[in-house]
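Here is how the chains run, residue by residue.
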Amino acid sequence: MNRIELTCNPFIKSALKNRYPQLAVFIVMLIGYIFAILAGLIGTPVGSHNFSIVFVWIAWWAILILVAVPFFGRGWCAVCPIPLPGEWLQRGAVLAPPEKKPTWLNLRVPKVFRNIWLQNISFLLLALFSSVLLTTPNITGIVLAAMLFAAIGLSTIFERRAFCRYLCPVGGFIGLYSQTAPIELRIKDKQVCVKCEGKPCYNGSSAGYGCPWDVFPGGLTKNTYCGLCMECIRTCPHDNIAVNLRPFSADLARPSTRMDEAFKAFIMLGSAMIYAGVLLGPWGALKDAAYNVGSSAWFIYAAVFLAIIFGVLPGLFTVAVYLPIAFAPRNHVTTRSKSLRQRFAQFSNSLIPLGLMFWVAFSLSFVLTNASYILGALSDPLGLGWNLFGTANAAWQPMLTSILAPAQTLALVGGLIWSARTAQKAANEVKVSPTPVILYCFIATSLMLWLLL
Amino acid sequence: MMKKRTAWILLGFLSTVVAFAPLPAQSAAPQTRTFKLDARQFAYSPSELKVNAGDTVTIQLVSADVVHGLYVDGYDISVEADPGQSATLTFVAARSGSFRFRCNVTCGAMHPFMIGKLTVGANDWFYRSIGLASFVVVGFFPLSSFLNQRKKKDERDIAF
Ligand code: SF4
Ligand code: SF4
Ligand code: SF4
Ligand SMILES: [Cu+2]
């Protein structure tokens, strides 16, 4: 289908293939990350004046959800500093493979964990504590450090990037939503791979490492688990790897039927709605409950949170998926041949664009209101009274408040159209009606509009 | 192809109408309203205020614990109240719609989420947005499946 190969451009190609541009970005990111940890631990406890909170939860979050994920898919993972120290240690090198490989355990991750359930759980854990995490520099510093050390630990025990693939709380949803992005890394010609000896893209060679994300590039059909690390561009001896520009959400044409991925979609959809209500709504009692971790109100909040995500949302969705099957004519071939479970997972892919746009709409409000803290935190990152760039006393001022509501509507209604089309295509494949699923998306969108506007 | 484009243009046009068509102005006589708002970490009470467009609104902000502020989105006006003290903000609610008001003095951890809601007149934009969303669902999908069915006769047996 209509794709434009970006790696045709020799400049882009060598910039991706060469290890130094990537390394330069890595170093900047790693310094920023370590500084965020330190700022969180030793800087002011006032969140809005601490680099860790302002740069992680306002600046990074804005870039991630408004730009990186929608347009570059796993683009963030391509420059993410979290797995680097562990990866360098595991490889015994920062750049190309060394002569002598270090001997770590190099175990394979047990089969039960080779899915994204652990990522679902790690995300939910952070989500339940998010009010504290988002506002307390100490906690943000500790969580950032914990991710760094977990990644290092896992690198010494397991092969490749076990942390990224199976544990990272952020990686799970980036992967899910990266399917909507207009960018992909794929092979150019299947036949070349079939004949290729040794498959260095997976097994590694002197030119580079075997896929750190444990995928076989030759078999890539969706973005979810390719971290865009560019290793396979370096290792493929047949120049068979391309980075393409492609239509949005091309991966959703072939919907996944995995339950862990289906529930990821519900987790993300539900969290966006809950956050919109709790954090941006006018209800003080909800905020108290979410913030006072350990209190009985918080336990109720946590229980409701989980009930919405694992009960209400998927429950109603099951009804929406079941209706067309129940009313299908007896002789309808394809309709009854697949289990409800499979159909559920398949249709839950329609919630991916919707969920992404829910997050965009939610984040727009949060980010535009608080972006002016970035200037202050830049000049006085630890809140110690510095004034590095003369912007330390920049006043808090919400940005673009007049276009916020129209932009949110555009995002949400756009997301609804996008999801409805996805549902329609999925329904056409199996010849059932998409109407109940579209109705489900409509109700969710209306609720989100009500919460945000 | 031509049909599809026409459908899209029609949809775009009607959406614009739903989004921007002027509504008859509501004609409630302007009043003077006074609200006493208690501010504490991290909420206002009451947290939802409703007035009519053109009303003169006075907010008396009383802080129960630390210094709190109140900034009204869209109006770009604010007031601050010291602990135990009250401060007053008076303005004419000339712009209709729904606006968040929020604390603009750092007052503790959840400060960025200390938020209330002021609705001036009806929250038109919300209803228009719901209108747009329903429009998309009811208007576009039967239309597109109609176009699809004309293209592919074999999809006639779609269930439901
Ligand atoms: S999965 Fe997580 S740790 Fe790994 S690169 Fe992506 S964001 Fe970073
Ligand atoms: S190394 Fe290149 S040609 Fe060989 S299997 Fe991998 S992508 Fe295909
Ligand atoms: S090696 Fe290739 S397929 Fe594997 S994660 Fe990196 S870019 Fe993606
Ligand atoms: Cu405050």
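Every value quoted in this text rests on a predicted model; they were computed, and no experiment measured them. (Residues numbered from 1 in each chain as written. Chains lettered and ligands numbered in written order. Predicted model: local features only at pLDDT ≥ 70, side-chain atom pairs only at ≥ 80, totals over all residues. Heavy atoms only, no water.)

Peer 1: What is the right way to read the overall build of chain B from this model?
Peer 2: When helices and strands are tallied, chain B shows two helices and nine strands. Starting at the N terminus and walking to the C terminus, you meet the elements of chain B as α-β-β-β-β-β-β-β-β-β-α. When each of the 160 residues of chain B is scored for burial, the buried share is 42%. In chain B, once contacts between residues fewer than 6 apart in sequence are set aside, the share between residues at least 24 apart is 62%. Accessible surface computed for chain B: about 8200 Å², of which carbon and sulfur atoms make up 59%. (Helix = DSSP H or I, 4+ residues; strand = E, 2+ residues; numbered from the N terminus. Buried < 20%, exposed > 50% of the residue type's maximum accessible area, 1.4 Å probe, protein only. Contact = heavy atoms within 4.5 Å. Areas by Shrake-Rupley, 256 points an atom, 1.4 Å probe, with all protein chains shown as cover.)

Peer 1: Which parts of the structure should I look at to understand the coordination of the copper ion (ligand 4)?
Peer 2: When four donors bind a metal tetrahedrally, each ideal donor-metal-donor angle is 109.5 degrees, and when six bind octahedrally, the ideal angles are 90 or 180 degrees. All names here are of chain B. Within the first shell, the copper ion (ligand 4) binds the protein through C103 (SG), V105 (O), C107 (SG) and H111 (ND1), at distances of 2.1 to 2.5 Å. Between consecutive donor residues of the copper ion (ligand 4), the sequence gaps follow C-x1-V-x1-C-x3-H. Overall, the relative accessible area of 5% leaves C107 in the buried class. (Donors = N, O, S within 2.8 Å, 3.2 Å for Na, K, Ca; no water.)

Peer 1: What's the story with a nonpolar patch on the surface in this structure? I'm lost.
Peer 2: All names here are of chain A. Residues I34, L38, L41, I42 and I142 make up a contiguous nonpolar surface patch of about 460 Å² in total accessible area. Looking at the nonpolar patch element by element, the count peaks at four residues for helix α2 (residues 19–42). According to the relative accessible area criterion, I34 is partly exposed, its value standing at 39%. (Patch = residues over 30% accessible without salt bridge, like charges linked within 9 Å, V, L, I, M, F, W, Y side chains within 5 Å. Salt bridge = Lys/Arg side-chain N within 4 Å of Asp/Glu carboxyl O.)

Peer 1: I keep staring at the site of ligand 1 and nothing clicks. Help me out?
Peer 2: In the neighbourhood of ligand 1, the contacting residues comprise R74, W76, C77, C80, I82, P83, R161, F163, C164, C168, G171 and W213 of chain A. A class-by-class count of the residues in the shell around ligand 1 yields nine nonpolar, one polar and two charged. (Near = heavy atom within 4 Å. Nonpolar A, V, L, I, M, F, W, Y, C, P; charged D, E, K, R; others polar.)

Peer 1: Is there a simple way to think about the pairing of strand β1 (residues 32–40) of chain B in this case?
Peer 2: Residue and element names in this part refer to chain B. Sheet topology places β1 next to strand β4 (residues 56–63); eight bridges connect them, and they run parallel. Bridge pairing links T34 to T58 in β4. Across three bridges, the pairing between β1 and strand β2 (residues 43–45) is antiparallel. Following the sheet pairing, D38 is matched in β2 by S45. Following β1, the chain reverses through two residues before pairing antiparallel with β2. (Pairing = 2+ DSSP bridges.)

Peer 1: Please explain the nonpolar core as it appears in this structure.
Peer 2: One broad rule of soluble globular proteins: the nonpolar side chains tend to lie buried together. In terms of nonpolar packing, the biggest core is built from 175 residues, with L64, F173, L185 and W359 of chain A together with L70 of chain B touching the most fellow members. Element by element, the count of residues in this core is highest for helix α14 (residues 259–280) of chain A, at 16 residues. The contacts of W359 of chain A, once residues within four sequence positions are left out, are W61, I65, F123, Y177, M268, S271, A272 and Y275 of chain A. Among the nonpolar cores identified, the runner-up in size contains five residues, and L23, F26, L30 and W88 of chain A belong to it. (Core = buried A, V, L, I, M, F, W, Y, C linked by side-chain atoms within 4.5 Å.)

Peer 1: It is not clear to me how the packing of aromatic side chains should be interpreted in this structure. Could you clarify?
Peer 2: Aromatic ring pairs: the centre-centre distance and the angle between the two ring planes describe each pair. Residue and element names in this part refer to chain A. By the definition in use, this model includes 34 aromatic pairs over all chains. The interplanar angle of 90° and the centroid separation of 5.8 Å between the aromatic rings of W359 and F362 together place this pair among those described as edge-to-face. A residue pair is termed a helical-turn pair when its members lie 3 or 4 positions apart in one helix, as W359 and F362 do in helix α19 (residues 351–370) at three residues. Residues W359 and F362 agree in their burial class; the two are buried. The ring of Y209 carries R91 above its face, with NZ or CZ at 3.7 Å from the centroid. (Phe/Tyr/Trp six-rings, centres within 6.5 Å; stacked < 30°, edge-to-face > 60°. Lys NZ or Arg CZ within 6 Å of the ring centre and 35° of its normal.)

Peer 1: Got a minute to help me understand the sheet that holds strand β8 (residues 97–102) of chain B in this structure?
Peer 2: Backbone hydrogen bonds hold the strands of a sheet together, and the pairing may be parallel or antiparallel. Residue and element names in this part refer to chain B. Within the open sheet, the five strands sit side by side as β3-β9-β8-β5-β6. Their pairing is mixed. A single partner strand is all that each edge strand has here, and the edge strands are β3 (48–51) and β6 (77–81). For this sheet, the mean angle separating the axes of adjacent strands, direction not counted, is 20°. Pairing analysis gives six bridges linking β8 to strand β9 (residues 115–120), with the strands arranged antiparallel. (Axes fitted to C-alpha atoms, helices over the stretch in contact; angles between N-to-C directions.)

Peer 1: Any chance you could explain the interface of chain B and chain A here in plain terms?
Peer 2: Interface size is often expressed as the accessible area that is lost when the parts come together. Facing the 45 residues of chain B at the interface are 51 residues of chain A. Between the two partners, chain B and chain A, sit one salt bridge. Two residues, D288 of chain A and R40 of chain B, come together in a salt bridge whose shortest N-O distance is 3.3 Å. Counting residues per element, the ones that place at least two in the side of chain B that touches chain A are β8, β9 and α2 (124–151) of chain B. Tallied by class, the residues present in the side of chain B that touches chain A amount to 20 nonpolar, 14 polar and eleven charged.

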